[in-house]
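Residue strings, one per chain:
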Amino acid sequence: MGRPALTRDEVLETAAGLVKRHGPDALTMRGLAAELGTAVTSIYWHVGNRESLLDALVERTVADLGEIRPTGRTPALRVVSVARALRRQLRDHPHLVAMVHERGLTERMFLPAQQALVREVHAAGLRGARAAEVVRAVQFQVVGFVLVERNRERSPLQRPGEEDLWDALTAEDDPGLARALARPVDPERLFTTSVRALVDALLAP
């Protein structure tokens, strides 16, 4: 039995997977065709040349970020949910996000998340410049946190590490703090704590 008819969505999904695993440079039309078990001409028929394929992947990434939907009972909780969803998207698709940036579409990529934040900030009663400041502060918090995370993940093994550096002396006689700082970071918990504190402060009357 022959292979089911290839679709454009299938081509883009497979191409996105290749980029996610190996980066944009690993995406070739021949390699994509091999991954799909089809001829290169079939790829061209569905998405055009490689540049057209990359443009389509960028558009797809922008659209995916537009799917963020706030959850929570209050505006503050919904803003935090948008921030967490945006962080997950940026972490899950670093190569695709880099492609968006290289094509000068970063601001467009962030627009849907910003619009979601605007709705919640308005619901909290803020308008104008104060509302804009909240939207940008949350966006910068997310992007900055992700950049620090990725930098820590890619850095060489640290010697001495945090577990070696923190003791009663460096922690100013606070052994509980020393033990906590010597343990590995829980990025999800730290992000949620920091963004909640930021949002609560920004949305305070």
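Before any of the text, the structure's been laid out above.
Residues numbered from 1 in each chain as written. Predicted model: local features only at pLDDT ≥ 70, side-chain atom pairs only at ≥ 80, totals over all residues. Heavy atoms only, no water.

Colleague: Break down the packing of helix H1 (residues 8-22) against helix H2 (residues 29-36) for me, with residues and values.
Modeller: Their axes nearest at 10 Å, the elements H1 and H2 cross at an angle of 115°. The angle between the axes of H1 and H2 places the two elements in the roughly perpendicular class. For H1 against H2, the interelement crossing comes out right-handed. The residues of H2 that touch H1, namely those facing Glu10, Val11, Thr14, Ala15, Leu18 and Arg21, are Leu32, Glu35 and Leu36. (Axes fitted to C-alpha atoms, helices over the stretch in contact; angles between N-to-C directions. Helix = DSSP H or I, 4+ residues; strand = E, 2+ residues; numbered from the N terminus. Parallel < 35°, antiparallel > 145°, perpendicular 65-115°, else oblique. Left-handed = near helix turned anticlockwise from the far one by under 90°. Contact = heavy atoms within 4.5 Å.)

Colleague: Which residues make up the environment of Ala33, and what are the values?
Modeller: For Ala33, the location among the structural elements is in helix H2. Residue classification places Ala33 among the buried residues on the basis of a relative accessible area of 2%. A C-alpha to C-alpha distance of 9.7 Å links Ala33 and Tyr44, two positions 11 residues apart in sequence. With residues near it in sequence (within four places) discarded, Ala33 still touches Thr38, Ala39, Val40 and Ile43. (Buried < 20%, exposed > 50% of the residue type's maximum accessible area, 1.4 Å probe, protein only.)

Colleague: Explain the side chain of His46 residue by residue, including any values.
Modeller: In this structure, His46 sits in helix H3 (residues 40-47). You can call His46 buried: its relative accessible area is 17%. In terms of polar contacts, His46 uses its side chain to reach the backbone carbonyl oxygen of Leu6, at 3.2 Å. Those residues in contact with His46, other than ones at most four positions away along the chain, are Leu6, Thr7, Arg8 and Val11. (Polar contact = N/O pair within 3.5 Å; in protein donor to acceptor, adjacent residues only side chain to side chain.)

Colleague: So what about helix H11 (residues 187-203)? Which residues, and what values?
Modeller: Between its terminal C-alpha atoms H11 stretches 24 Å, which fits the 24 Å expected from 17 residues at 1.5 Å a residue. Contacts made by the buried residues of H11 are with helix H5 (75-92) and helix H8 (128-154). (Expected span 1.5 Å × (residues − 1).)

Colleague: Lay out unusual backbone geometry with the relevant residues and their values.
Modeller: A cis geometry characterises the amide bond from Arg159 onward to Pro160, with omega recorded as 5°. In this fold, Pro160 is placed in the loop between H8 and helix H9 (162-165).

Colleague: A description of empty space enclosed by the protein should follow, citing residues and the corresponding values.
Modeller: Vacant regions in the atomic arrangement are exposed by a probe of water-molecule size rolled over the atoms. Following the criterion strictly, the structure yields one cavity of 30 Å³ or more and no others. Its volume calculated, the largest cavity comes out at about 40 Å³. Considering the residues around the largest cavity, the lining is formed by Thr61, Asp64, Leu65, Gln89, His93, Leu96 and Val97. Split into classes, the residues belonging to the lining of the largest cavity amount to three nonpolar, three polar and one charged. (1 Å grid on protein atoms, 1.4 Å probe; cavity = no way out; pocket = protein on both sides within 12 Å on 5 of 7 lines; lining within 4 Å. Points joined across faces, edges and corners; volume = space filled by probe spheres on them. Nonpolar A, V, L, I, M, F, W, Y, C, P; charged D, E, K, R; others polar.)

Colleague: Before we move on, could you go through the nonpolar core and cite the residues and values that matter?
Modeller: The biggest cluster of nonpolar side chains holds 53 residues, and the ones touching the most others in it are Leu27, Leu32, Ile43, Leu53 and Leu57. Among the elements that line this core, the one with the most residues is H5, at eight residues. In this view, Leu57 contacts Leu12, Ala15, Ala16, Val19, Leu27, Leu96 and Met99; residues no more than four positions away in its chain are not counted. (Core = buried A, V, L, I, M, F, W, Y, C linked by side-chain atoms within 4.5 Å.)

Colleague: Explain the side chain of Gln114 to me, and be specific about the residues and the numbers.
Modeller: Within the element layout of this structure, Gln114 appears in helix H7 (residues 106-123). When sequence neighbours within four positions are dropped, the list of residues in contact with Gln114 reads Glu107, Val135 and Gln139.

Colleague: I'd like to hear about the pattern of salt bridges, residue by residue, with values.
Modeller: Applying the stated criterion across every chain yields a total of 13 salt bridges. One salt bridge connects Glu35 with Arg21, and the closest N-O pair in it is separated by 3.3 Å. Placement of the pair is Glu35 in helix H2 and Arg21 in helix H1, with a sequence separation of 14 residues. We classify Glu35 as partly exposed; its relative accessible area is 45%. (Salt bridge = Lys/Arg side-chain N within 4 Å of Asp/Glu carboxyl O.)

Colleague: Outline the packing of aromatic side chains, listing residues and values.
Modeller: Following the criterion strictly, the structure yields one aromatic pair and no others. When the ring of Phe145 is compared with that of Phe191, the centres are 5.1 Å apart and the planes differ by 70°; the resulting orientation is edge-to-face. Of this pair, Phe145 sits in helix H8 while Phe191 sits in helix H11, and the two are 46 residues apart along the sequence. Judged by relative accessible area, which is 14%, Phe145 ranks as buried. With relative accessibility at 0%, the residue Phe191 sits in the buried group. Between Arg87 and the ring centre of Phe191, over which it is positioned, the NZ or CZ distance is 5.3 Å. (Phe/Tyr/Trp six-rings, centres within 6.5 Å; stacked < 30°, edge-to-face > 60°. Lys NZ or Arg CZ within 6 Å of the ring centre and 35° of its normal.)

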